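Structural overview
In case you want the letters, here they are:
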2 protein chains.
Amino acid sequence: MPEFLDLLPPNIALDRFLERIQIQLKPEQIEVRSAQGRVAYEDIQAPHALPSFPRSTVDGYAVIAGDTHGASDSLPIYLNLIGEVRMGSSADFSLSPSQCGLIHTGGMLPQGADAVVMLENTQVAHPGEIEILRAVAVGENVIKVGEDVHEGEVVLPGGSLLRAPEIGGLLALGITHLQVTKQPKIAIISSGDEVIPPAADIEPGQVRDINSYTLSALVERVGAIPVSYGIIPDDEDSLREATSRALDECDMVVITAGSSASSRDLTAQVIDSLGEPGVISHGVNVRPGKPTILAACMTKGSMFAKPVIGLPGNPVSALVIAILFVEPVIDFLHGLRTPRIRSLIKAKTTINLASRAGREDWVPVKLIPEGDGYSADPIFGKSNLIFTLTRADGLLHIPPQVTGLNAGEMAEVMLLN
Amino acid sequence: MPEFLDLLPPNIALDRFLERIQIQLKPEQIEVRSAQGRVAYEDIQAPHALPSFPRSTVDGYAVIAGDTHGASDSLPIYLNLIGEVRMGSSADFSLSPSQCGLIHTGGMLPQGADAVVMLENTQVAHPGEIEILRAVAVGENVIKVGEDVHEGEVVLPGGSLLRAPEIGGLLALGITHLQVTKQPKIAIISSGDEVIPPAADIEPGQVRDINSYTLSALVERVGAIPVSYGIIPDDEDSLREATSRALDECDMVVITAGSSASSRDLTAQVIDSLGEPGVISHGVNVRPGKPTILAACMTKGSMFAKPVIGLPGNPVSALVIAILFVEPVIDFLHGLRTPRIRSLIKAKTTINLASRAGREDWVPVKLIPEGDGYSADPIFGKSNLIFTLTRADGLLHIPPQVTGLNAGEMAEVMLLN
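Criteria and cut-off values
- Residues numbered from 1 in each chain as written.
- Chains lettered and ligands numbered in written order.
- Predicted model: local features only at pLDDT ≥ 70, side-chain atom pairs only at ≥ 80, totals over all residues.
- Heavy atoms only, no water.
- Helix = DSSP H or I, 4+ residues; strand = E, 2+ residues; numbered from the N terminus.
- Rg over C-alpha atoms; globule rule 2.2 N^0.38 Å.
- Buried < 20%, exposed > 50% of the residue type's maximum accessible area, 1.4 Å probe, protein only.
- Contact = heavy atoms within 4.5 Å.
- Areas by Shrake-Rupley, 256 points an atom, 1.4 Å probe, with all protein chains shown as cover.
- Lys, Arg positive; Asp, Glu negative; His and termini not counted.
- Charge placed at Lys NZ, Arg CZ, Asp CG, Glu CD.
- Buried area = accessible area lost by both parts, 1.4 Å probe.
- Salt bridge = Lys/Arg side-chain N within 4 Å of Asp/Glu carboxyl O.
- Polar contact = N/O pair within 3.5 Å; in protein donor to acceptor, adjacent residues only side chain to side chain.
- Least-squares fit on C-alpha atoms with pLDDT ≥ 70 in both.
- Pairing = 2+ DSSP bridges.
- Axes fitted to C-alpha atoms, helices over the stretch in contact; angles between N-to-C directions.
- pLDDT = per-residue confidence, 0-100.
- Domains from an automatic or database assignment.
- Parallel < 35°, antiparallel > 145°, perpendicular 65-115°, else oblique.
- Left-handed = near helix turned anticlockwise from the far one by under 90°.
- Nonpolar A, V, L, I, M, F, W, Y, C, P; charged D, E, K, R; others polar.

A tally of helices and strands in chain A yields seven helices and 28 strands. Expected size for 417 residues packed as a compact globule is a radius of gyration near 22 Å; at 31 Å, chain A overshoots this value by more than 25%. With the principal axes as the frame, chain A shows a C-alpha extent of 95 × 55 × 40 Å. Buried residues in chain A amount to 57% of all 417 residues. Pairs at least 24 apart in sequence give 71% of the contacts found in chain A among residues at least 6 apart. By element, 49% of the accessible surface of chain A is carried by carbon and sulfur atoms, the whole surface being about 16,800 Å². Treating the 31 positive side-chain charges of chain A as one cloud and the 50 negative ones as another, the clouds have centres 6 Å apart.

We now examine unusual backbone geometry. Glycine aside, residues mostly have negative phi angles, and peptide bonds mostly take the trans form. Residue and element names in this part refer to chain B. For the peptide bond that leads from Leu50 to Pro51, omega is -10 degrees, which places it in the cis range. Summarising the element assignment, Pro51 is placed in the loop between β2 (44-45) and β3 (55-56). Between Glu276 and Pro277 the backbone carries a cis peptide bond, its omega angle lying at -10 degrees. As for its placement among the helices and strands, Pro277 is situated in strand β18 (residues 276-282).

The next thing to look at is the environment of A:Leu294. Residue and element names in this part refer to chain A. Residue position: Leu294 is located in strand β20 (residues 293-298). Sequence separation between Leu294 and Pro307 is 13 residues; the distance between their C-alpha atoms is 7.6 Å. Dropping the residues within four chain positions of it, Leu294 is found in contact with Ala13, Phe17, Val279, Ile280, Ser281, Val284, Val308, Ile309 and Phe325.

Counting from both sides, the interface comprises 84 residues of chain A and, opposite them, 83 residues of chain B. A combined buried area of about 7,000 Å² lies between chain A and chain B, and 63% of that area is made up of carbon and sulfur atoms. Where chain A packs against chain B, one counts two salt bridges. Where A:Arg391 meets B:Glu153, a salt bridge forms, and the shortest distance between an N and an O atom there is 3.5 Å. The interface formed by chain A and chain B includes 22 residue pairs in polar contact (both at pLDDT 80 or more). Listing elements by their share of the side of chain A that touches chain B, those giving two or more residues are β10 (142-143), α2 (164-172), β15 (207-208), α3 (211-221), β22 (344-349) and α7 (387-390) of chain A.

A separate point is the relation of the copies chain A and chain B. With an axial shift of 0.0 Å and an RMSD of 0.1 Å, the rotation relating chain A to chain B amounts to 180 degrees. Here the copies are linked by what is in effect a two-fold axis. Both copies present the same face, since 99% of the interface residues in chain A are matched by interface residues at the equivalent positions in chain B.

This part is about the sheet that holds strand β8 (residues 122-126) of chain B. Residue and element names in this part refer to chain B. Spatial strand order, β7-β4-β6-β5-β9-β8: six strands in an open sheet with mixed pairing. Edge positions in the open sheet fall to β7 (115-118) and β8, since each of these has one partner strand only. The average undirected angle you get between the axes of adjacent strands in this sheet is 40 degrees. Bridge count for strand β5 (residues 77-84) against strand β9 (residues 129-132) is four bridges, and the pairing is antiparallel. By the bridge assignment, Asn80 is partnered in β9 with Glu129.

Residue and element names in this part refer to chain A. On the secondary structure map, Asn285 appears in the loop between β18 (276-282) and β19 (286-287). Among the polar contacts made by the side chain of Asn285, one reaches the main-chain carbonyl oxygen of Gly358 at a distance of 3.1 Å. With residues up to four places along the chain from it excluded, the contact list for Asn285 reads Leu7, Leu8, Pro9, Pro10, Gly358, Arg359 and Glu360.

Bringing the pairing of strand β21 (residues 306-311) of chain B into the picture now. All names here are of chain B. Of all six residues in β21, six are buried, a share of seventy percent or more. Because side chains alternate across β21, one face comprises the buried residues Lys306, Val308 and Gly310, and the other comprises Pro307, Ile309 and Leu311, equally buried. Sheet topology note: the strand β17 (residues 252-256)/β21 ladder contains four bridges and is parallel. The residue of β21 that forms the bridge with Ile255 is Gly310. When strand β20 (residues 293-298) meets β21, the two strands line up antiparallel, connected through five bridges.

What follows is about the confidence of the model for chain A. The share of residues in chain A with pLDDT of 70 or more is 98%, and the mean pLDDT across the chain is 94. As scored by the predictor, the complex reaches a pTM of 0.95 and an ipTM of 0.94.

With that settled, the discussion passes to the sheet that holds β21(B). All names here are of chain B. What the six strands build is an open sheet, ordered β16-β13-β17-β21-β20-β18; its pairing is mixed. A single partner strand is all that each edge strand has here, and the edge strands are β16 (225-232) and β18. Pairwise comparison of adjacent strand axes, ignoring direction, gives a mean angle of 15 degrees for this sheet. One ladder, built from five bridges, connects strand β13 (residues 185-191) with β17; its direction is parallel.

The next thing to look at is the environment of A:Val124. Residues and elements named next belong to chain A. Inspection of the secondary structure assignment puts Val124 in strand β8 (residues 122-126). Between the C-alpha atom of Val124 and that of Leu81, which follows or precedes it by 43 residues, the distance is 9.5 Å. Sequence-distant contacts of Val124, that is, excluding residues within four places in its chain, are made with Tyr61, Glu129 and Ile130.

Another point: the domain arrangement of chain A. Per the domain assignment, the segments of chain A are domain 1 (10-26 + 182-334), domain 2 (27-50 + 154-181), domain 3 (55-143) and domain 4 (344-415). A separation of 59 Å is found between the C-alpha centroids of domain 3 of chain A and domain 4 of chain A.

To continue, consider the packing of α3(A) against helix α2 (residues 164-172) of chain B. Where α3(A) meets α2(B), the axes come as close as 8 Å, and the angle between the chain directions of the two elements is 160 degrees. Taken together, the axes of α3(A) and α2(B) lie roughly antiparallel to each other. Seen along the crossing, α3(A) lies across α2(B) with a hand that is right-handed. Residues A:Tyr213, A:Thr214, A:Ala217 and A:Leu218 of α3(A) touch α2(B), and the partners they reach there are B:Ala164, B:Ile167, B:Gly168 and B:Leu171. The residue inventory of the contact of α3(A) with α2(B), partitioned by class, reads six nonpolar, two polar and no charged.

What follows covers α2(B). Residue and element names in this part refer to chain B. Counted residue by residue, α2 has nine buried out of nine residues, so it is predominantly covered. Residues of α2 that are buried: Ala164, Pro165, Glu166, Ile167, Gly168, Gly169, Leu170, Leu171 and Ala172. With its phi angle positive at about 80 degrees, Gly174 sits one or two positions after the end of α2.

So, on to the pattern of salt bridges. Tallied over the entire structure, the rule returns 24 salt bridges over all chains. The partner of B:Arg38 in a salt bridge is B:Glu28, with the nearest N and O atoms 2.6 Å apart. Of this pair, B:Arg38 sits in the loop between β1 (27-31) and β2 while B:Glu28 sits in strand β1, placing them ten residues apart in sequence. Taking relative accessible area as the criterion, B:Arg38 reaches 10% and is therefore assigned buried. Each member of the salt-bridge network shares a partner with another, and the members are A:Glu236, A:Asp237 and A:Arg240.

Below is the structure:
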């Protein structure tokens, strides 16, 4: 049995683990419109300024600001209306002093104009003559050329996650294709003599493989590709052969062990034999999920030590550890420049919760709307019970330095969806 | 110009809007393993208890609890070891008084056993004889049959979102297929005479269509299917024809108007002519996004009033309104029983922020790690500038009843990823 003395809390274990992993990102070209969830391979510069012409931010009259000096309700300034700027084209006129042009929100300023007076601050005096009731300064109600981005400006640094705003920004610049990093391929190996496929009839003593599938769902959630290697029996040769092949074919290997100590030990032993540096941490100071294995293996013919994670066999622990370790490692392999910000929402605990000093706890909770916020009601169950999680909205966080929470205290809850 | 008096705050406008929409959910059968992000069509019951046999939660010895009564380090109880339970099968022995069997975590209890003594609390006295150093109660270190779920129990109510835990739970029960609701099809229509496709060369006065694509990304993010109807010129007949066809073919129509008031007014007018009840709210008390149109239209031959949303033309407003209205309406059309919990994380504002009483504000912010949490640094820019959003991690919420936030005050930030 491994000793669990001096175990590291998850965040420190993760940092040390990431230090031992090497990656070489590979690019591929895709359409910007389908790039949600992908990561930019390189810096992208603006091919032209945005906006590329001065635009009005209001409906009103394009003017020369100096002409409006001193205008007020009691002392309007009169300007000659010489035309209207149609949406989607440049004006077919240019302004001289004492002239103005009708313009709509988003319309292009005519030549000569340097500001726009809002419609509300004007009045039609006679056909062709407009009363200006308020003065405007140069640039007022106008978006200048390049006010959003300048030509040549880096608009998307390499390593950025592509979300809806990035997709919009690139398309606004006419960039319809970009280089993104290839999606990491994540090998998933299930082991355990008691484990059978979900579609199989169950015999006494057997359990269905669920960790492969919950893990696949989490891998897909962060934009990587799960590759299943099936259920491998608990014998050293079979597990070594499968893991070694997975390590060659994928960017990371995740093994979900059987629930017995011998299955876990076998997993650690096989991983350690695959290449340097081997097992980095066996055990993490977290509940659930203590018997986690974090390793990196450089196989023959490979230039890099690829990450290998051994998940605990029980489904709740496996899911928590996949969120705490597998997903951040995928983001790293994907080339994400800064860690994803986790959705940790504040909620009030409904009961006292104990924890051991130094250990980080994640407690499945139901979130119950209360006033402006939520209260977090723990769902109890032995950590082997997958349905404690289906009843949970999130996992309540008890940090390592905290020895417990009192009922009514605020805590952070990581959402499960 | 529409009057924006007595506008409703977004949450109330949304509730009133949802009250006017009718839906009829349709089922389809899919594989559980690919069901992430889908919604259960009907209640699902457990076909058998889980676990289906009593399982050990530790490595140790299966015993008859009564046999261990009074056992201690100084006064051990001796039991005869009569076998080992192999993982994945039932024991080939059953316990009589004064007997025990070696068992692993997750192993099936042998006939006659009712508890397990942890390995740490035992010692091998002689081959075949085990010293028990601590007493156990009936059921100790054992998961009972049905402790996770009982046979016939509803394990997944209709209307539940399928996340990793639900996928795992169903597969644990051998349920490999399920009925989910069909994904809503969301029609996206772009209008505005100044709007051109992203791949087109830009002429003075023109802007590229980006709202269609940011909106598609958000639609996909919540598991629905975007259907693009292209860019429609600002004339009544074209817009009516396109919207009417979209309404027939899809479950919801979203129109992103041009930036001019006339384009917005035309959108409202066309929507209102398509069927009852027509426009429900024209304008919402939110910044950005005030000129939002919420409507429902029952077309000829249809049994239901389908939702139609007119988004403001400028890209930041369009994106905010899509998050506040389009996504929750999609969840409703998808059959989600309870609203999705938004990831609102707490952060400290870095500067004073003003807001008008009654108006809800969403301010793009960069989140900067600070101590245990984050500070939220507003990114200023006119709301027309898409790149203010690419620099933002989230949108800081100023609720309607708040007239401003002081630097250093805590606020909630909705993450953009």
